[in-house]
Protein chains: 2
Amino acid sequence: MAKEKFVYSFGGGKADGKADMKNLLGGKGANLAEMSNLGINVPPGFTITTEVCTLFYENNRNYPEGLKEQVDEAIAKVESIMGKKFGDTENPLLFSVRSGARISMPGMMDTVLNLGLNDETVQGLIKQTNNERFAYDSYRRFVQMYGNVVLGVDGADFEEILEKKKEELGVTYDTELTVDALKDLVKQFKAHIKKETGEDFPEKPEDQLWGAIGAVFGSWNNERAIHYRNINDIPHHWGTAVNVQTMVFGNMGENSGTGVAFTRNPSTGENEYWGEYLKNAQGEDVVAGIRTPKPIAELEKEMPEIYKQLTEIFDKLEKHYTDVQDVEFTIQEGELFMLQTRTGKRTARAAVKIAVDLEAEGLIDKKTAVLRVEPQKLDELLHRRIDPDADVTLLAKGLDASPGAATGKVVFDSDEAAEMGEHGEKVILVRTETSPEDIHGMAAAQGILTSRGGMTSHAAVVARGMGKPAVAGCEDIKVDYKAGQFTTPDGTVVKKGDYITIDGGTGNVYLGEVPTIDPEMDENFEKLMSWADEFRTMQVRTNADTPEDAELAVGFGAEGIGLCRTEHMFFDEDRLPIVQDMILADTKEEREKALEKLLPMQKGDFKGIFKAMGERPVTIRLLDPPLHEFLPDHDEILVELTELKVKGGDEAEIAEKESLLKAIERLHEMNPMLGHRGCRLGITYPEIYEMQARAIFEAATELVKEGINVHPEVMIPLVSHINEFKLMKEVVQKAAEKVISEAGVELEYTIGTMIELPRACMTADEIAQEAQFFSFGTNDLTQTTFGFSRDDAEGKFLAYYLDSEILEKNPFQVLDQKGVGQLVETGVTKGRSTNPELKVGICGEHGGEPSSVKFCHRIGLNYVSCSPYRVPIARLAAAQAQIENPRA
Amino acid sequence: MAKEKFVYSFGGGKADGKADMKNLLGGKGANLAEMSNLGINVPPGFTITTEVCTLFYENNRNYPEGLKEQVDEAIAKVESIMGKKFGDTENPLLFSVRSGARISMPGMMDTVLNLGLNDETVQGLIKQTNNERFAYDSYRRFVQMYGNVVLGVDGADFEEILEKKKEELGVTYDTELTVDALKDLVKQFKAHIKKETGEDFPEKPEDQLWGAIGAVFGSWNNERAIHYRNINDIPHHWGTAVNVQTMVFGNMGENSGTGVAFTRNPSTGENEYWGEYLKNAQGEDVVAGIRTPKPIAELEKEMPEIYKQLTEIFDKLEKHYTDVQDVEFTIQEGELFMLQTRTGKRTARAAVKIAVDLEAEGLIDKKTAVLRVEPQKLDELLHRRIDPDADVTLLAKGLDASPGAATGKVVFDSDEAAEMGEHGEKVILVRTETSPEDIHGMAAAQGILTSRGGMTSHAAVVARGMGKPAVAGCEDIKVDYKAGQFTTPDGTVVKKGDYITIDGGTGNVYLGEVPTIDPEMDENFEKLMSWADEFRTMQVRTNADTPEDAELAVGFGAEGIGLCRTEHMFFDEDRLPIVQDMILADTKEEREKALEKLLPMQKGDFKGIFKAMGERPVTIRLLDPPLHEFLPDHDEILVELTELKVKGGDEAEIAEKESLLKAIERLHEMNPMLGHRGCRLGITYPEIYEMQARAIFEAATELVKEGINVHPEVMIPLVSHINEFKLMKEVVQKAAEKVISEAGVELEYTIGTMIELPRACMTADEIAQEAQFFSFGTNDLTQTTFGFSRDDAEGKFLAYYLDSEILEKNPFQVLDQKGVGQLVETGVTKGRSTNPELKVGICGEHGGEPSSVKFCHRIGLNYVSCSPYRVPIARLAAAQAQIENPRA
């Protein structure tokens, strides 16, 4: 049996490993090996494999046999390449020792630099560098770092000793410390270590090295690393590799330097070298920001030969990895070393441009290009947003209720907002919460800010529907209508007429007019999306309640409407009084009279939406919310009534208010989310659904007569039992057949149901025998499956759950695949078991969230439906899902 | 191949069929055959099988070949036994034609009597009976019945003709019609039939017979029969049999008669013949109530020979069927005919006594005795109830919130109720709804009546906990506190001090003092329950929050506590202010201070309960309800505040009220059922659960020191995610270990969770890795699975759902096995898959409902837990479940 290989060398133009050995060598080690193989100059070194880490833990923190020999061999190789010797007093080789897992775990594990220094080797370093201060500063840093990381002495102790020294000398910066001071610090550090640990500081470089290797392996199981892996679903058995690499120094004079660079502009995606460097500096100086680094282009003038080498390496790396690289390099006395290469992070705009460009350059194919852009990031491109370069004053933070940035004058009253809007003024409507009576103000405003309510509050839902930026539930601000102002926790007072800017994508509220930038959908975007459409097999529809939204969504590539909520039409200012008449009707006749008035209005709505969608399917959900949502606020009426009574007001007025209050109380529910809503309304008041069905089919048949072949799909909400569906299907079918036969046209339509209750999932086999389609309403399904009221949870305990990582993700944003998803899958499987033709989609907000879209693809849904602005995200995610998991 | 047998004859001391052929012959036919075989005199006849019904429908309403011949043969047999001929003009045989399905479907299908009469045969009947009036009246009835049932003429038409005739003659009763009048009616009926149907009335007896047979088979698929089968889960393919039987007449003089009887007293279960008879009468006369029937005992004097025959038959039948029989008989001119026998319905008390007596008499074994009593009916025996013989005036009807009957004076104020209670007065507390501030009033009252709130309203839950009768959500009554009265829909005004009686088992509210009777648990009951305990394999525990309830339940046979709700202890008058301090605390320190005050109180509660339960296991659920439940009513404070403001009240008082109102509003939730409650409280305020755990374990260790080996099981409520459970388990474990080690005793305890959310069921495999037991909280699980808020549903749409049969049963009373039950089963299977030792029970109200208990047995639960009064019901149901479906 061949001896097991635990150590992989690299450097000197060759390497034992390569890029695809990340599992064994970790990301950093594999890429260092790859660069070596490409003939790129990396400081030579070696990688101890992740397998050793696993064996280390399996064997009670003992190393496998043979490791020591392999490490010694690897050191010898490095010595031979570098012409230096580890532990040598004349020309000592120094090492860095770093962790390197399969997947980057930034800052989680330990690093030791300048390893190999002691009282003797430091002399060799002085001889080599002719720089006593540099050598002792390196030595001081090493002892400090080693003492902390390997020997476990509190880092703050060293900082304290250092500060004391600076005070003694009356200096401010570390750089002002003299050679003597540094020498003394080394002594003091060592003495402190002895005091704390009872052991002398290890002077032998070999001991230092094994100490550092042990510390890195040990750090795989430190608390924060375990925690990080738990959160990020990284298996604990993977282990980390250890990279031992020759130290190089960019701070050895004017022919030295260090820098970081991207092979293309990561902000715009332009094909230009991009980065910064500093002469005579170490990596941390670039980061620390004491000196201002220069743009990479200047290197061409300052060090033309190095620049040429560097850009050749950029080109080589990009071609080799077929993607933009993010590199670190050091120039040590005129010699260029590459320290790291990895895939470069980039903005959405850059990601799209780079993917399209690389395809044009023949480096990648279309599928790869489609996989290169994170769907979620497209959001940045689809809304106005805060200029990232703008100076901002953060006032408060609320919920990111509806994306986009907006600026305007603060207004507290909806009538005033509407009036100012008419005069062309830009306003932000600020309310504790909004109600149907604020619709005209919301429509006129640039954006909405509320101090109460969650992601499904009236303000949030309506704003998303309108595609208007909104920050909801911003409990930081206290709104005082009477004074015409709001205050923030730090005491800032914002008055009516002051400018603010809100960012509905982050929930931030800023003072003043912050510059915003336009959406960035260019031809690269269009090209990438067209490729996505070539690959995906799952349809993407939109949730839209108005012709405007429908048109917007079609522009974004929607292939139909998956959810048209009819109740939003009821909130319209002109209609609300009629809706209230309907609700407060004492008899069926009165109610039918009010419904007759609503019929032509609803019909008009549907015609508009059908026209906007043409022959694309349109799923219309019948009335869903509890009726009391359409009534005035209970507490306001109660206060008015009490005031009237105490003041001895008009008898008739009191009686009227009392009767209104009683009606509101009659409709009051303890838990409206689980109350008299959805098809329960249709069952108890069939005349409402009957009117809506008539409106739908009258609209549809009129359009058929105009030559537009519309496809209505009527959806019954909140079904828990097959009998509910049967009854409501009958009502709709009867109305449909009557209207169609009277119109004398051909019209295809389907009747299906929203699956949004656990019971519907568990009995989907029964329901599918009657329903032609299922649309999973995962918003409500998440509420009932978890037993979370979204309105309450998001403002209260859910934030705590996310902060303390009880839940990894907000289940209202990212579908909980284990719980809610399992119910969805159960529903799909059971539904198709009795009705193989069943069309199945999803219309909760998850329909526009990439990981949820991919889940929907995996379990075989026919379509996802989401808000217009998320349609491109869903298209891209669906394409990626098909490329990653092809299905027929 | 043998010719298929479609027709089964009976009579003359023998029969083709027997009792166990119900599937083929229907219940009635099989029992008639059985009686014939026993040598009992039944009017001879024959049964056409249910198979013929099936073939009839399969063959487009055509009869199978050979049927006619078999019917003719069967008629010939009857003719030979009776010495009469069908269609004979001298001595005609008349038939009744009746349906008869496997399971009785009373009144759903058709019947024709006196078949075989026409203008000629009626003369034969006159000759035989010497009673022209009787013969023509029979003829008239036949034409009327046949015209309606077989020929489809509206029954009201015949009634109209009859009424007109009576008007003409100036008489009131049918019995006053003369022979001529009857003759004329026959003519008029026939003429009307001809007019309506265009066909002559069939004169040939054979045609009449086939018409009637076809009508009975046809009635299997009439609308009401289909509907009945849908509701009662009777398969449509079963079909009905047709029974053709010789007519006998009890109205042929003083040596004729008819009666119904039970072989034992169905009310008390006493072993005595019980029933009524009328001489010279037909069955309908007994029912119609025009003449008062005599007790069966008198028959011994009036017709000693008949009485002897009859009681011999009773004894024979009871011995044969091994159960009490409900029989119908007719005496025709001194000859006794048995027309029907079936198992007799009985009261709970009688059922228990009969089962125990029959076992003692050796007729049945213990298993059979246990199966003979419907568990649900035991409820009658366990509570005071309205005397069934009392005259009552029903005032209103509400929800049957807590069983038992109670009488007392109406009181609207809890302080007043408490005071009157102290003076020994019996009061019924009447409120729109109750709150924690009413506890002392509720405790002092005989019963509680509320006009609002559902089965889980405060009033209902607390009353059930106290074992006190309550009617909740009685929306019929309007309570007017100011006037000190309530009114009912018919305008009745009930004032403070008036007596009312409530029946919490039915929801009825009566005016005045209605007599009530005591619970009836006698030695028969005890004997039957001890047999049940011998057989059952599933444990029965109780839900109890107080030592009193715990003792009561142990008396009823509870083997432990399955659910002890700790919050009910928080509602105590003395504690509520401290609880409110805890809730309104601004800092953790203030909260802990309040909790320290509560600790000794909770500890005392637990000691009491542990003492009552001894070594039996006690499952204690940590705090569950949303905190705002402990705060004063929001609207009341709002009104008070508004009044103060308008009146210009004291500044300090206004400020205090404002701050209280704000605190209430801060805790307000849109959907508290899905809000900040259960373990979500424990997670955000771990100090609460920590205090409760300390109280539990301090109580437990102190009892261990006293020598009582208690078994606490701590239950974390409302877990949706394994991480919630883990965190809370840690808190409890830490507190437990600390207390136990400080006490220095041995104490076994377990930590488990309530499974009451769909997500917990779907991820039970994860949760079971950490939990030692599951207790299914099917109340909340039903709410979330259906998406029904119980508080809202029961007062609103659920009643409609039940009335219109969208739902067959109230899922809060009877476990919805298809939906909720499927989730429970999923949870059990998944839980045991990762933790085979997992103990699993149920503690929702379904734990005391027989069909749900049987379901729990089937899916392998270890125990059910229910309120004390339902413990015997659950024990009996569990025993029956094991006898019906034995498990290891």
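On a predicted model such as this, the values are computed, not experimentally measured, just so you know.

A. Representation of the overall build of chain A. For chain A, the helix and strand inventory stands at 36 helices and 34 strands. Dimensions of chain A, computed from the C-alpha atoms along their principal axes, are close to 105 × 70 × 55 Å. Among the 888 residues that make up chain A, the fraction classed as buried is 58%. For chain A, the share of sequence-separated contacts (at least 6 apart) that also reach a separation of at least 24 residues comes to 67%. Charge centroids of chain A, computed over 98 positive and 149 negative side chains, lie 3 Å from each other.

B. Focus on the interface of chain B and chain A. If you look at the interface, chain B gives 58 residues, while chain A gives 58 residues. The contact between chain B and chain A buries some 4,900 Å² in all, and 61% of this surface belongs to carbon and sulfur atoms. Sorting the residues of chain B by area buried against chain A places L674, R759 and M762 of chain B first, and these three jointly supply 13% of that buried surface. The interface formed by chain B and chain A holds 4 salt bridges in total.

C. Highlighting the confidence of the model for chain A. In the predicted model, chain A carries a mean pLDDT of 92, and 98% of its residues have values of at least 70. Among the prediction metrics, the complex's ipTM stands at 0.83, with pTM recorded as 0.84.

D. Region of the structure containing the packing of aromatic side chains. Evaluation of the coordinates by the stated rule reveals 50 aromatic pairs over all chains. Judged by centre distance (6.1 Å) and plane angle (80 degrees), the ring pair of F46 of chain B and F95 of chain B falls under edge-to-face. With F46 of chain B in strand β3 (residues 45-48) and F95 of chain B in strand β6 (residues 95-101), this pair connects stretches of sequence that are 49 residues apart. We classify F95 of chain B as buried; its relative accessible area is 0%. Through pairs of rings, three or more aromatic residues link up here, namely F56, Y57, Y63, W210 and F217 of chain A. A cation over an aromatic ring shows up here: K5 of chain A above the ring of Y8 of chain A, its NZ or CZ 4.8 Å from the ring centre. One residue, R541 of chain A, lies across the ring of Y863 of chain A, its end atom 4.1 Å from the ring centre.

E. Main features of the pattern of salt bridges. Under the criterion given, the structure shown has 115 salt bridges over all chains. The closest approach of N and O atoms between K127 of chain A and E90 of chain A, which form a salt bridge, is 2.8 Å. Of the two residues, K127 of chain A is situated in helix α4 (residues 121-129) and E90 of chain A in the loop between β4 (85-86) and β5 (92-93); the sequence distance between them amounts to 37 residues. Taking the shortest distance from any N to any O, the salt bridge between E702 of chain B and K603 of chain B comes out at 2.7 Å. Here the residue E702 of chain B occupies a position in helix α27 (residues 686-705), and K603 of chain B occupies one in helix α23 (residues 588-613), the gap between them amounting to 99 residues.

F. Structural detail: the packing of helix α20 (residues 547-555) of chain A against helix α23 (residues 588-613) of chain A. Residue and element names in this part refer to chain A. Between α20 and α23, whose axes approach to 8 Å, the crossing angle comes to 10 degrees. Here α20 is positioned roughly parallel relative to α23, judged by the angle of their axes. Contacts between α20 and α23 involve P547, A550, E551 and V554 from the former and G608, I609, A612 and M613 from the latter. For the contact of α20 with α23, a count of residues per class yields 6 nonpolar, 1 polar and 1 charged.

G. Representation of the environment of A881 of chain A within the structure. All names here are of chain A. Turning to its location among the elements, A881 is positioned in helix α36 (residues 871-884). C-alpha separation for the pair A881 and D503, spaced 378 residues apart in sequence, amounts to 30 Å. Each residue touching A881, except ones within four places of it in the same chain, is listed here: K854, H857 and P886.

H. Fine view of the pairing of strand β9 (residues 257-262) of chain B. All names here are of chain B. Along β9, 5 of the 6 residues are buried, which leaves the element largely enclosed by surrounding structure. By the bridge criterion, 6 bridges tie β9 to strand β10 (residues 274-279) in an arrangement that is antiparallel. The partner of V260 across the bridge, within β10, is E276. Across 6 bridges, the pairing between β9 and strand β12 (residues 325-332) is antiparallel. Counterpart to G259 in the pairing with β12 is F329.

I. Representation of helix α2 (residues 50-58) of chain B. Residue and element names in this part refer to chain B. Within the sequence span of α2, burial applies to T50, V52, C53 and F56. Viewed end-on, α2 has its buried residues packed into an arc of 155 degrees, placing them on one side of the element. Buried-residue contacts for α2 involve α1 (22-37), β3, α3 (67-82), α8 (205-219) and β8 (240-246). Positive phi appears at N60, one or two residues downstream of α2, with a value of about 60 degrees.

Analysis parameters
Residues numbered from 1 in each chain as written. Chains lettered and ligands numbered in written order. Predicted model: local features only at pLDDT ≥ 70, side-chain atom pairs only at ≥ 80, totals over all residues. Heavy atoms only, no water. Helix = DSSP H or I, 4+ residues; strand = E, 2+ residues; numbered from the N terminus. Buried < 20%, exposed > 50% of the residue type's maximum accessible area, 1.4 Å probe, protein only. Contact = heavy atoms within 4.5 Å. Lys, Arg positive; Asp, Glu negative; His and termini not counted. Charge placed at Lys NZ, Arg CZ, Asp CG, Glu CD. Buried area = accessible area lost by both parts, 1.4 Å probe. Salt bridge = Lys/Arg side-chain N within 4 Å of Asp/Glu carboxyl O. pLDDT = per-residue confidence, 0-100. Phe/Tyr/Trp six-rings, centres within 6.5 Å; stacked < 30°, edge-to-face > 60°. Lys NZ or Arg CZ within 6 Å of the ring centre and 35° of its normal. Axes fitted to C-alpha atoms, helices over the stretch in contact; angles between N-to-C directions. Parallel < 35°, antiparallel > 145°, perpendicular 65-115°, else oblique. Nonpolar A, V, L, I, M, F, W, Y, C, P; charged D, E, K, R; others polar. Pairing = 2+ DSSP bridges. Arc of directions from axis to C-beta.

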